[in-house]
Amino acid sequence: MPNWLSIARARATAGKPPLIPDDILAQAIADSWALVLEIGRRTETPPGHTRPAFSQAEQLAADMVRDFIAARGLPLEYDAFGNMYVLLPGTEPGLPAVTAGSHLDSVANGGNYDGLAGAAAALAVVAAAHKAGLRTRHGLRALAMRAEESPWFNMAYLGSQLLLAYRDRAALGARRRIDSGLTLKEHVQALGYPFRTDAEPVLSPANTACFLELHIEQGPLLIERDLPAGVATAIRGNIRYPSARCFGEYGHASAVPRQSRRDAVMAVAELALGLDALWAELHAKGDDNFMVTLGRFGTDPAHHALTKVPGEVEFSLAMGATSTETLALARRRMEELVAEITAKRGVTFDLGAEVTAEPVALDAGLIELLEDGIHAQGFEPLRLPTVGHDAGIFALSGIPSAMLMLRNPGGSHNPKEHLEEADYAVGCRVLAGAMVRAAGG
Ligand SMILES: [Zn+2]
C-alpha cells in the first residue's frame, strides 16, 4: 500500500457517522438506481439485455450517463476511447484520486446489472459528495468504462486496458468484433472518439490512488449465506483453450473391437474426468479456488452417427484458479493426461490457441476497509474469490484495487441476473464510506 493512503486511519473512522448527509446520499442512490433501470429499459432485447462493446446500445448507456452527470453540474471527461470519468477535486490537488467504477457493456442477452451497477454506484457517490459540498484530501473519481465483456472482440477488459495503456493500444484497436467484422478502432471512431494511441493514458498510478469496483456476484455464495454483500479476495486467473480438437478414427460402432478403436469422445471424456478428479482432490483439501469447464463439446453433425465410432471432437477447455501454483499444477496434470490418453487410445489432441490470464491479488487494506463498511451497515461480510473484472487490470497496472460484490440470485451473463434495490443501496453506502474514508474525508 502506498504511504499516502492511510488505511489504518481510514479504518479507524469506518464506523463513524457518514460524512455525506444521509438524505443527500439516499437521493443520489435512488437517482442512480433510476438511471440503471432506465438504461435497462432502453437496451432491453428480450430475453435480457444486449449492449455490445462499442455499439450504439453501449453508447446509449454512455449518453445517459453523460446526461446524469451534466444534470448534477459535474464536469465530464472522456479518454480517446470513449471511457468516461468525472473527478471531484480534493483539497490537495497533487494527491491521486480515489477512483471507483465499472463497465457499461453486456454480453448478448445478458443481465442489466453486470457492470452498470458499479458505474452507477460510483456516480452516486461522487454526485452525493458534490451535492453535500464535501471536500476530501484526495479527489473522488467515478468511471464508466467500455468493452469489458469478452465475447465481442474475443478479449475481456478492453476499455480498462485502453484507458490504462495496459497492452499495446494499436494491437487492441486491430481486433475485430465478431458480429460486425469491423475493427475495434473503427467501432470507436464510428462513435466519435479519436482512438489516439500516442496519448498518455489519462489514468495512471500517479493520479489514481486506488480503484474500487462494485459488482454483482456471478456465483451463488452470497445467496447461499443470505448476505447482501461480500468482498473479493482475488481475481481468478485462467488457462483457456477456446477451440481444441481431438482426432481419432471413424469406424463401425459394432464391428471395431476395443483394442482397435480410436474413439475421440471417450478420449476427451477421459481428459474431462481426469481434470475433474484434480478438482475433487483440491476441493477435498479445502482449496475451493480451482475450476474446470468444458463448455463446448461436440462431434461433427456431418459425420457423426449412432452407429459410428466418433472420429473427431471439438471442445473448449477452461481452467481457473486464484493462485499461480494451482494453475501450474493444472497445466501439468492436463499435459500428463493428454500424453497418457494419446498413448492409450491412439488419438491426437490439437489444443489450438491458448489464452491465459494471471490470477490477480486484491489489496488487503482495501479489502478490510470494505469489510468494515459492510459491518457498519449491520451485515457480516463474506470473503469470496471472483472471476475477471476491470479491477484486475487496475491491480496489474500498479493501482491498489478491491471489489465489493453484491448478491445476485439469478446467476450472471443471462437474463435472470438480478439485483435488489435494497442490496444496491447497501453497496452504494459501503462504497461511499470506503471512498470518502480512503480519500481522507
Ligand atoms: Zn462485469
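For the structure itself, consult the block above.
Here the structure is a predicted model, which means the values were calculated and not measured.

S.K.: What exactly am I supposed to notice about the pattern of salt bridges here?
M.R.: Pairs can form between side chains of opposite charge whenever their charged atoms are close. All told, the structure shown has 20 salt bridges when counted by the stated rule. Across the pair Arg245 and Glu314 runs a salt bridge, and its minimum N-O distance is 4.0 Å. Remark: Glu314 occurs in strand S12 (residues 312-321) and Arg245 occurs in strand S7 (residues 237-247); sequence separation between them is 69 residues. Measuring nitrogen to oxygen at the nearest pair gives 3.2 Å for the salt bridge that ties Glu281 to Arg333. With a gap of 52 residues between them, Glu281 in helix H9 (residues 264-284) and Arg333 in helix H10 (residues 324-345) connect regions that are remote in the sequence.

S.K.: For this particular structure, what's the right way to read the coordination of the zinc ion?
M.R.: Four donors placed tetrahedrally about a metal ideally form angles of 109.5 degrees, and six donors placed octahedrally ideally form angles of 90 or 180 degrees. In the first shell of the zinc ion, the protein supplies His103 (NE2), Asp114 (OD) and His215 (NE2), at 2.0 to 2.2 Å from the metal. We note that the donor set of the zinc ion lies within a single chain, spaced as H-x10-D-x100-H. Residue His103 is found in strand S3 (residues 97-103), and its partner Asp114 is found in the loop between S3 and helix H4 (116-131); the two are separated by eleven residues along the sequence. Like Asp114, His103 is buried.

S.K.: How do you make sense of the packing of helix H11 (residues 364-376) against helix H13 (residues 421-438) when you look at a structure like this?
M.R.: When two helices pack together, their arrangement is given by the angle between the helix axes and by the axis-to-axis distance. In contact at an axis separation of 9 Å, H11 and H13 are set at 130 degrees when each is read in the N-to-C sense. On the basis of their axis angle, the class for H11 and H13 is oblique. Relative to H13, H11 is oriented so that their crossing is right-handed. Contact residues: Leu369, Leu370, Gly373 and Ile374 in H11; Val430, Ala434, Arg437 and Ala438 in H13. Along the lines of polarity and charge, the residues of the contact of H11 with H13 split into six nonpolar, one polar and one charged.

S.K.: I keep staring at the nonpolar core and nothing clicks. Help me out?
M.R.: Proteins that are soluble and globular tend to have nonpolar side chains buried together. In this structure, Val65, Leu104, Leu212, Phe394 and Tyr424 are the most contacted members of the largest nonpolar core, which totals 91 residues. Of the residues forming this core, the biggest block, 13 residues, is contributed by H4.

Conventions we followed
Residues numbered from 1 in each chain as written. Predicted model: local features only at pLDDT ≥ 70, side-chain atom pairs only at ≥ 80, totals over all residues. Heavy atoms only, no water. Salt bridge = Lys/Arg side-chain N within 4 Å of Asp/Glu carboxyl O. Helix = DSSP H or I, 4+ residues; strand = E, 2+ residues; numbered from the N terminus. Donors = N, O, S within 2.8 Å, 3.2 Å for Na, K, Ca; no water. Buried < 20%, exposed > 50% of the residue type's maximum accessible area, 1.4 Å probe, protein only. Axes fitted to C-alpha atoms, helices over the stretch in contact; angles between N-to-C directions. Parallel < 35°, antiparallel > 145°, perpendicular 65-115°, else oblique. Left-handed = near helix turned anticlockwise from the far one by under 90°. Contact = heavy atoms within 4.5 Å. Nonpolar A, V, L, I, M, F, W, Y, C, P; charged D, E, K, R; others polar. Core = buried A, V, L, I, M, F, W, Y, C linked by side-chain atoms within 4.5 Å.

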